[in-house]
Amino acid sequence: MKNLLSLCATAALSALLGSAALAEGSLYFGLSGEPRTLDTKVNAGAPARTIRLAIHRGLLNYGTTGELSPELAESFEVSADALSYTFRLREAKFHDGTPVTAADVKATLDYLTAEASTATYKAELSVIDTIATPDERTVVITLKKPFVPFPHYLALPESAILPASWIAANAETPDAAPIGAGPFRFVTWERGREVVVEKFDGYYKPGKPAVDEIHYVFYGDENTRVNAIRSGDVDIIDYVPWKDAAALEQDPAITLDSVGGPFMMLQFNTKEGPFADPRVRQAVSYAIERSAIINTAFNGRGTPLWGIAVPEGTMGWSEAAANHFSHDPEKAKALLAEAGYPDGFEARLLSTAQYGFHQNTAIAVQAELAKIGIKLTLDLPDWAGRMAKNTAGDYDVLVAGTAGDITDPDWLSNFFYGGETLVRLNNSAWFNDAEINALLDEGRTTLDPAKRAEVYDRFVQRALETSPFVFLMWRDQSFAVRDTVEGFKNLPGFLTFQSGITVEDVVLK
């Protein structure tokens, strides 16, 4: 942190002195919150990812169509047994001017999978057995076993490639000033206000980026954020509040770029107490009228979710599974009685006051569950506090709004898998089911697509039986973009939270 603050002070002065020269090429991006960290290995939420996707690149990333896109790796090959991946690196530079080499790739992957690593996707990347670097531009990764989604995990922002020298100097201080190989280099972080990045002239894509600098300005209050885009104080905002979506759509100077894919759900602390019983969790699913959530928190903009959040047309989806539950308060009461809670019980519902849709979802859930005797006390810290309690398992039930991180069905593992890590961002705390774990392991290692689809069908049935989550609704996710901006794109489906990668394509008119 000391290194970061020192660099910020120097860079802030430089930015001030040079601001006149940069003003014509400045993009102002209004973010819904200030990241708690820019540590590349940690998924710290959408605002952090948005900034980091301007600074960093991985071997692969997701492109604008949602497909895997070659980035620092210009190509890769997979062996017939799916155990060996050979990556050929393109000529690219880090922001300190040093070339991106195979040694940097190896150092990064070793860093992410080290025994003491706190990387969000450490478990997934730990399938790596060996990493060979036959020359500066070739990396050969051998896996311990076939792992079908492996390239997808390399495409996540948390798998960005870092200079080996940066890792050596900052492994113990991951919030040190970041150095990446992306289109923009880090300049300064003014706490409570903004992060500034500026164009990196050595970026490996000719002609990109087209803007000189980006100011990522923090607007924790959603009304202030909306007013900023309306007045032209910023050019783009994330997390357009649903109450303002219709009005922004009518503004001729603004485009509302919306995609479906994210979902709202409830997570449970399953360690002990009522929510340790799957019958209680099923009762919650039957008790909640989904339209109450959609109308209260999303101004009617959403689709009820009565099963598991598996997108239609992907492995595991079926009409029956998608409509497994229904609104049936009497059945909910019967399940509570069967579980030993005929008169209901009291519990604490964690959400946040920082995002209106989170708070309003909590209020609607509280009202719905009161009808079957479950009395919820609301816990509404700011987003940073909510995230800290989430990852500590400090809740009875939790409102979450999220999406799968990858487009492969193995995204489900990050939510449902138990095992060594029993408390993390996206799972229900301490949930651990041996049958679910085995099915997820089988899905990861099954190479035949038809057989793999059968595995996920079986997984969905078991997931419905155990119900570690209550899925509430599919929601739209929107960016508002002023008409002076071209090139920014909201990525499709689950990838909406990785849309920040498209700032490299932005042109200011």
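What counts, and at which threshold
- Per chain, residues are indexed from 1 in the order of the written sequence.
- Side-chain atom pairs in this predicted model are given and counted only at pLDDT of 80 or more, local residue features only at pLDDT of at least 70, and totals for whole chains, interfaces and linings cover all residues.
- To obtain the side-chain values, all non-hydrogen atoms of the structure were included, while hydrogens and water were left out.
- Aromatic contacts are taken between Phe, Tyr and Trp rings whose centres are within 6.5 Å, Trp giving its six-membered ring; a plane angle under 30 degrees counts as stacked, one over 60 as edge-to-face, and the others as tilted.
- Secondary structure elements are taken from DSSP: a helix is a run of H or I of four residues or more, a strand is a run of E of two residues or more, and numbering for both begins at the N terminus.
- The contact criterion used is simple: two residues touch if any of their non-hydrogen atoms lie within 4.5 Å.
- One speaks of a salt bridge when a side-chain nitrogen belonging to Lys or Arg is within 4 Å of a carboxyl oxygen belonging to Asp or Glu.
- In this scheme, a residue with accessible area under 20% of its type's maximum is buried, one over 50% is exposed, and one in between is partly exposed, where area comes from a 1.4 Å probe on protein chains only.
- Take the buried residues of types Ala, Val, Leu, Ile, Met, Phe, Trp, Tyr and Cys, join any two whose side-chain atoms come within 4.5 Å, and each joined set is a nonpolar core.
- Helix span, as expected, comes to 1.5 Å for every residue beyond the first.
- Any two strands between which DSSP finds at least two bridges are classified as paired.
- Between N-to-C directions, angles cover 0 to 180 degrees, with each direction set by a line fitted to C-alpha atoms, over the stretch in contact for helices.
- Orientation is classified from the angle alone, with under 35 degrees giving roughly parallel, over 145 giving roughly antiparallel, 65 to 115 giving roughly perpendicular, and any other angle giving oblique.
- In this classification, Asp, Glu, Lys and Arg are treated as charged, Ala, Val, Leu, Ile, Met, Phe, Trp, Tyr, Cys and Pro as nonpolar, and every other residue, Gly included, as polar.
- To obtain the arc, one takes the directions from the helix axis to the C-beta atoms.

Enquirer: When you look at the packing of aromatic side chains in this model, what are you seeing that I'm missing?
Expert: For any pair of aromatic rings, the description rests on two quantities: the centre-to-centre distance and the angle between the ring planes. Under the defined criterion, the tally for this structure stands at 34 aromatic pairs. Between the aromatic rings of Phe29 and Phe488, the centroid separation amounts to 5.7 Å while the plane-to-plane angle is 80°, which identifies the pairing as edge-to-face. Residue Phe29 is found in strand E1 (residues 26-31), and its partner Phe488 is found in the loop between strand E18 (485-486) and strand E19 (507-508); the two are separated by 459 residues along the sequence. By the ring-pair criterion, three or more aromatic residues cluster together here, those being Phe263, Trp411, Phe415, Phe416, Phe459, Phe469, Phe471, Trp474 and Phe494.

Enquirer: In this structure, what is going on with the environment of Ala253? I would like to understand it.
Expert: By the secondary structure assignment, Ala253 is in the loop between helix H9 (242-249) and strand E12 (254-268). Contact partners of Ala253, with chain neighbours within four places excluded, come to Val481, Arg482 and Asp483.

Enquirer: For this particular structure, what's the right way to read the pattern of salt bridges?
Expert: Pairs can form between side chains of opposite charge once their charged atoms are near each other. One pass over the structure, following the stated rule, counts 34 salt bridges. Note that Asp379 and Arg348 form a salt bridge whose closest N and O atoms lie 2.9 Å from each other. Remark: Arg348 occurs in strand E14 (residues 345-350) and Asp379 occurs in strand E15 (residues 374-379); sequence separation between them is 31 residues. Among the residues examined, Arg348 registers a relative accessible area of 25% and is labelled partly exposed. With a closest N to O distance of 3.8 Å, Lys509 and Glu486 form a salt bridge. With a gap of 23 residues between them, Lys509 in the segment after E19 and Glu486 in strand E18 connect regions that are remote in the sequence. Taking relative accessible area as the criterion, Lys509 reaches 60% and is therefore assigned exposed. Note on Glu486: relative accessible area 41%, which makes it partly exposed. Shared partners join several salt bridges into a network, and the residues in it are Arg57, Glu71, Lys205, Lys208, Glu504 and Asp505.

Enquirer: How should I be thinking about the nonpolar core in this particular structure?
Expert: A general tendency of soluble globular proteins is for nonpolar side chains to be buried together. Core analysis: the biggest nonpolar cluster contains 116 residues, and Phe150, Leu266 and Phe416 have the highest contact counts within it. Setting aside its immediate chain neighbours within four residues, Leu266 contacts Val284, Ile288, Val365, Val397, Leu398, Val399, Pro468, Phe469, Val470 and Leu472. Ranked by size, the runner-up nonpolar core spans 24 residues in total, among them Leu38, Ala54, Phe218 and Phe488.

Enquirer: Hey, could you run me through helix H14 (residues 356-370) in this one?
Expert: Residue pairs spaced three or four apart in an α-helix point in one direction, given the helix's 3.6 residues per turn. Helix length check: H14, at 15 residues, gives a terminal C-alpha distance of 21 Å against a target of 21 Å (1.5 Å per residue), a fit within 8%. Residues of H14 that are buried: Gly356, Phe357, His358, Thr361, Ala362, Ala364, Val365, Glu368 and Leu369.

Enquirer: Just to check I follow, could you spell out the sheet that holds strand E4 (residues 73-78) for this structure?
Expert: Across a sheet, paired strands are connected by hydrogen bonds in the backbone, their directions being either parallel or antiparallel. Read across the open sheet, the 4 strands follow the order E4-E5-E7-E6; overall the sheet is antiparallel. Strand pairing shows two members of the sheet lacking a second neighbour, E4 and strand E6 (128-135), which therefore form its edges. Across the sheet, the mean angle from the axis of one strand to that of its neighbour is 20°, orientation sign disregarded. Where E4 and strand E5 (residues 84-89) come together, 5 bridges link them in antiparallel fashion. Across the sheet, the residue bridging to Val78 is Tyr85, located in E5.

Enquirer: Explanation requested: the side chain of Thr466 in the structure shown.
Expert: Structurally, the position occupied by Thr466 is in helix H18 (residues 449-466). The residues contacting Thr466, other than those within four sequence positions of it, are Pro278, Arg281, Phe431, Asp433 and Ile436.

Enquirer: Just checking my understanding: could you explain the packing of helix H10 (residues 278-287) against H18 for this structure?
Expert: When two helices pack together, their arrangement is given by the angle between their axes and by how far apart the axes lie. Direction vectors running N to C along H10 and H18 enclose 90°, while the axes themselves pass 8 Å from each other. Regarding the angle of H10 to H18, the classification is roughly perpendicular. For the pair H10 and H18, the contacting residues are Pro278, Arg281 and Gln282 in the first and Leu464, Glu465 and Thr466 in the second. By residue class, the composition of the contact of H10 with H18 is 2 nonpolar, 2 polar and 2 charged.

Enquirer: Would you mind showing me how to read the pairing of strand E10 (residues 213-218) here?
Expert: Working note: regular strand, side chains alternate between the two faces of the sheet. Across the 6 residues of E10, 6 count as buried, placing the element largely inside the fold. A two-sided burial pattern is seen for E10, the buried positions comprising Glu213, His215 and Val217 on one face and Ile214, Tyr216 and Phe218 on the other. Where E1 lies against E10, 6 bridges are found, and the strand directions are parallel. Bridging from a neighbouring strand, Leu31 pairs with Phe218 of E10. Across 5 bridges, the pairing between strand E9 (residues 194-199) and E10 is antiparallel. The partner of Glu198 across the bridge, within E10, is Glu213.

Enquirer: Honestly, helix H15 (residues 383-392) in this entry has me stumped. Any pointers?
Expert: What H15 keeps buried is the set Trp383, Arg386, Met387 and Asn390. Across the axial projection of H15, the buried residues extend over an arc of 100°, all falling on one side.

Enquirer: Explain the packing of helix H8 (residues 222-231) against H9 to me, please; I cannot follow it from the model alone.
Expert: With their axes 11 Å apart at the nearest point, H8 and H9 run at an angle of 10° to one another. Taken as axis vectors, H8 and H9 run roughly parallel relative to one another. Each of Glu222, Asn223, Val226, Ile229 and Arg230 in H8 lies in contact with H9, whose residues at this interface are Lys243, Asp244, Ala247 and Leu248. Grouping the constituent residues of the contact of H8 with H9 by class yields 4 nonpolar, 1 polar and 4 charged.

Enquirer: Sorry, what's going on with unusual backbone geometry here?
Expert: Among all residues except glycine, the phi angle is most often negative; among peptide bonds, the trans geometry is most common. Put simply, Lys208 and Pro209 share a cis peptide bond, and its omega is -5°. A positive phi is found at Asn299, a non-glycine position, where the angle reads about 50°. With respect to the helices and strands, the residue Asn299 is situated in the loop between helix H11 (290-298) and strand E13 (302-304). A positive phi angle is found at Trp430, which is not glycine, with a value near 70°. Of the residues examined, Trp430 reaches a relative accessible area of 29% and is grouped as partly exposed.

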